[in-house]
Amino acid sequence: MNAPNPREPIGVIGTGYVGLVTAAGFAELGSDVWCIDIDEAKIEGLRNGIIPIWEPGLAELVEKHRGRLHFSTDIADALEHARLLFVAVGTPPTYSGDADLSAVHAVVDAMPPSDTHALVMKSTVPCGTGESVQRLFAESGKDGFRYVSCPEFLKEGSAVKDFLHPDRVVIGDDGDWAGDAVAELYAVLDAPIVRTDIKSAEMVKLASNAFLATKISFINEIANVCEETGADVIEVAAGMGLDDRIGPKFLKAGIGFGGSCFPKDVSALKQLAGNSGYHFQLLNAVIEVNELQKRRVIAKLQKHLGSLVGKEIALLGLAFKPNTDDMREASSLVLTARLQAAGSHIRAYDPVAEEEARKLITGAEFTESAEAAVTGADAVVIVTEWPEFGELDLVALADSMRGSLLVDGRNMLDPDRVREAGLIYEGVGRPSAGGVPAPAV
Ligand code: UGA
C-alpha cells in the first residue's frame with residue numbers, strides 16, 4: 001500500500017475517549033479514518049451519530065466528518081484502507097497495580113503478517129511494551145509489522161482542543177517508514193515534534209503523568225500545612241507559580257486527583273520500577289497523600305457537626321473533574337462510601353455524570369439541581385468545580401439548608417461571600433472557622 005496524498009488514511013482501534021478524539025481529530029485534519037471497536041452496540045450507535053461519551057466539541061466534530069469517519073467491528077476494514085493503525089484500547093490497572101495489557105495483546109494477535117502496516121500505540125503502556133510487542137510479532141512470523149509509540153497527552157474535558165493544539169507530539173520509533181509517516185500526519189499541527197526511541201517515548205508519558213500527580217500531591221500537602229499555620233494556599237500557589245521553573249499550573253489544592261489516568265499511571269510506574277528492583281519512594285507518598293486528601297473532608301465535617309450519624313450531606317459534583325461524565329477514580333466515590341459508613345445520608349447532584357454515578361454509588365439520593373440537593377442539608381460539600389456552582393445564590397442556599405456548613409473541596413468560592421451569606425466556610429488550605437491551632441510548645 002503506498003502512502004496516499006495529501007492526507008494519509010488511518011485506522012483507530014478502540015473508540016473510547018482517546019480513540020474517538022484521535023479519530024475525529026485526524027478527520028478534522030483531512031484523513032479518512034476507519035474506527036474499529038469490538039463493542040457492536042457502540043459501533044452501531046456511532047454509525048447513527050450516537051457518541052458514547054460526554055466530551056465538549058466531540059459530537060460536533062464527529063457529525064461534521066461523518067463522511068470521513070467509518071465505523072466497523074472488523075479490523076480487516078482498517079487494514080484494507082490504512083497502513084497506520086492507532087491503538088487506543090484500555091489499559092486498566094490490575095490488582096497488582098500493573099497495567100492490564102490484555103486488550104493490547106488481543107490487537108497484536110489479530111494482526112496478520114504484513115510488511116506494509118504499523119501499530120501506533122496511543123494507549124498508555126509500561127515502558128518495554130513496544131519491545132515485547134515486537135518480540136511477539138517476531139515469534140509469530142510478523143516481523144515486517146512496524147511499531148511506533150505515540151503517547152497521548154489530551155485531558156478529558158478539553159480533549160478535542162488538546163488534540164488540535166498539543167504542547168508537543170512525542171514519536172518513538174525504530175527509524176523506519178512508520179515513524180516518519182506518523183510525524184508527517186502531525187506535521188500540520190503547530191507543535192514541536194519529539195522524535196526518539198520507543199522506550200523513551202513510553203517513559204515520557206508515564207513520567208509526565210507521575211510528575212503532574214506529584215505536583216498536585218505536593219500542593220495538597222502545602223495546603224494541609226497552611227491549615228495548621230493560617231496561611232492561604234491560593235496566595236502561596238500564586239506566589240510560587242510566578243517562578244518560571246515552577247509555573248502556575250497544576251497547583252490547585254483540593255480533595256485529590258482522580259480519573260482514569262493519574263491514579264492508574266502513578267501506580268503503573270511505581271510497579272514498573274518495583275518489578276525491575278527499584279523502590280520508587282516518592283510515588284508511594286504521592287499516592288498516600290492523595291488517598292488521605294479525600295478523607296480530610298470527613299474530619300472537616302466532623303469538626304463542625306460532631307457525629308455524622310443521621311446527617312444530611314449534599315455533594316455538589318460527582319465527576320472526577322468538570323466537563324466530563326467520567327466517574328473513574330472520582331474522589332466522590334471514596335467520599336460517599338466514607339460518609340455512608342459514618343451514618344450520613346447523601347444527596348448528590350452532578351450536571352452530567354449522574355447516569356455514570358448511579359452505576360457506582362448506591363444508597364444516595366440523586367437530585368436534578370444543586371438547589372434540590374442542598375435543601376434541608378446539614379452540610380454542603382463542593383466535590384467537583386463545575387462552573388455553575390460558582391453562580392449559586394448563597395443567601396438562598398443558606399436559607400434552604402438545615403445547617404450552615406459549606407466545605408469547598410475545590411476552593412472555587414470566595415470565602416468572604418460565603419460567610420456574608422451566613423454560612424461557615426471550610427476550604428482546602430485556607431484560613432477557616434475555628435482558627436489556627438495554638439502552636440505546639
Ligand atoms: C491527565 C493529564 O493531564 C493528561 O495530559 C493525560 O493525557 C491524561 O491524564 C491521560 O493520561 O490520559 P485527565 O486525567 O483527563 O488528564 O485530567 P486532568 O485535568 O489532568 O486532572 C486530573 C485530576 O487532577 C482531576 O481529578 C483534577 O481535579 C485533579 N487536579 C488537577 C487537581 O486536583 N489540581 C490541579 O491543579 C490539577
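Note: the structure precedes this text.
Each chain has its residues counted from 1, following the order in which its sequence is written. Where local features are concerned, this predicted model is filtered to residues with pLDDT of at least 70; where side-chain atom pairs are given and counted, the filter is 80 or more; whole-chain, interface and lining totals use all residues. Hydrogens and waters are ignored; side-chain quantities use all the structure's heavy atoms.

**Some points on the packing of aromatic side chains**
For any two aromatic rings, the description comes down to two numbers: the centre-to-centre distance and the angle of the planes. Two rings belonging to Phe, Tyr or Trp (six-membered ring only in the last case) form a pair when the distance between their centres is within 6.5 Å. Interplanar angles under 30 degrees mark stacking, angles over 60 mark edge-to-face geometry, and anything in between is tilted. The final tally for this structure, using the stated rule, is 10 aromatic pairs. Ring plane angle 65° and centroid distance 5.1 Å describe the contact between F26 and Y186, whose orientation is recorded as edge-to-face. Taken as a pair, F26 in helix α1 (residues 17-28) and Y186 in helix α8 (residues 177-186) lie far apart in primary sequence, 160 residues in all. Each member of the pair F26 and Y186 is classed as buried. Their ring planes at 45° and their centres at 6.2 Å tell us that F163 and Y186 sit as a pair that is tilted. Secondary structure counts use DSSP, requiring at least four H or I residues in a row for a helix and at least two E residues in a row for a strand, with both numbered from the N terminus. Note on exposure labels: buried denotes an accessible area under 20% of the residue type's maximum, exposed denotes more than 50%, and partly exposed covers the range between, all computed with a 1.4 Å probe on protein chains only.

**Side note on the environment of I75**
Structurally, I75 can be placed in helix α4 (residues 75-81). The exposure class assigned to I75 is buried, which follows from its relative accessible area of 16%. A sequence separation of 40 residues divides I75 from C35, and the C-alpha atoms of the two residues are 8.8 Å apart. Sequence-distant contacts of I75, defined by excluding residues within four places in its chain, comprise I13, I36, A110 and M111. Working rule for contacts: check all heavy atoms of both residues, and any pair within 4.5 Å makes them a contact.

**A short note on a negative patch on the surface**
On the surface, E371, E388, D393 and D399 cluster together to form a negatively charged patch. Structurally, E371 is set in helix α15 (residues 370-374). Given the relative accessible area of 47%, E371 is considered partly exposed. Patch definition: residues above 30% relative accessible area lacking any salt bridge, with like charges linked at up to 9 Å and the nonpolar side chains Val, Leu, Ile, Met, Phe, Trp and Tyr linked at up to 5 Å. Surface accessibility in these figures is a Shrake-Rupley result with a 1.4 Å probe; residues are shielded only by whichever protein chains are displayed. A pair is scored as a salt bridge if a Lys or Arg side-chain nitrogen falls within 4 Å of a carboxyl oxygen belonging to Asp or Glu. Note on charges: Lys and Arg go in the positive column, Asp and Glu in the negative column, and His and the chain ends are not counted at all. The atoms used to mark charge sites are NZ of Lys, CZ of Arg, CG of Asp and CD of Glu.

**Topic: helix α12 (residues 281-305)**
How far a helix is expected to stretch is found by multiplying one less than its residue total by 1.5 Å. In this model, α12 (25 residues) spans 37 Å end to end at C-alpha, consistent with the 36 Å of a helix rising 1.5 Å per residue. Given a residue, its bend is the angle between the two axes fitted to the seven residues that end at it and to the seven that start from it. Maximal helix bending in α12 amounts to about 30°, located at K294. Of all the residues in α12, the buried ones are L283, V286, V289, N290, Q293, K294, V297, I298, K300, L301 and L305.

**Considering the packing of helix α11 (residues 262-275) against α12**
Lines fitted to the C-alpha atoms define the axes, with helices restricted to the stretch that makes contact. Angles between their N-to-C directions range from 0 to 180 degrees. Packing of α11 against α12 leaves a shortest axis separation of 9 Å and a crossing angle of 150°. In this view, α11 runs roughly antiparallel relative to α12, as classed from their interaxial angle. At the point where α11 passes α12, the crossing takes the left-handed sense. Along the contact surface, α11 presents V266, S267, L269 and K270, while α12 presents L283, N284, V286 and I287. Geometric relationships in this document are graded by angle, where less than 35 degrees denotes roughly parallel, more than 145 denotes roughly antiparallel, 65 to 115 denotes roughly perpendicular, and other angles denote oblique. What makes a crossing left-handed is the near helix being turned counterclockwise from the far one by less than a right angle; a clockwise turn instead makes it right-handed.

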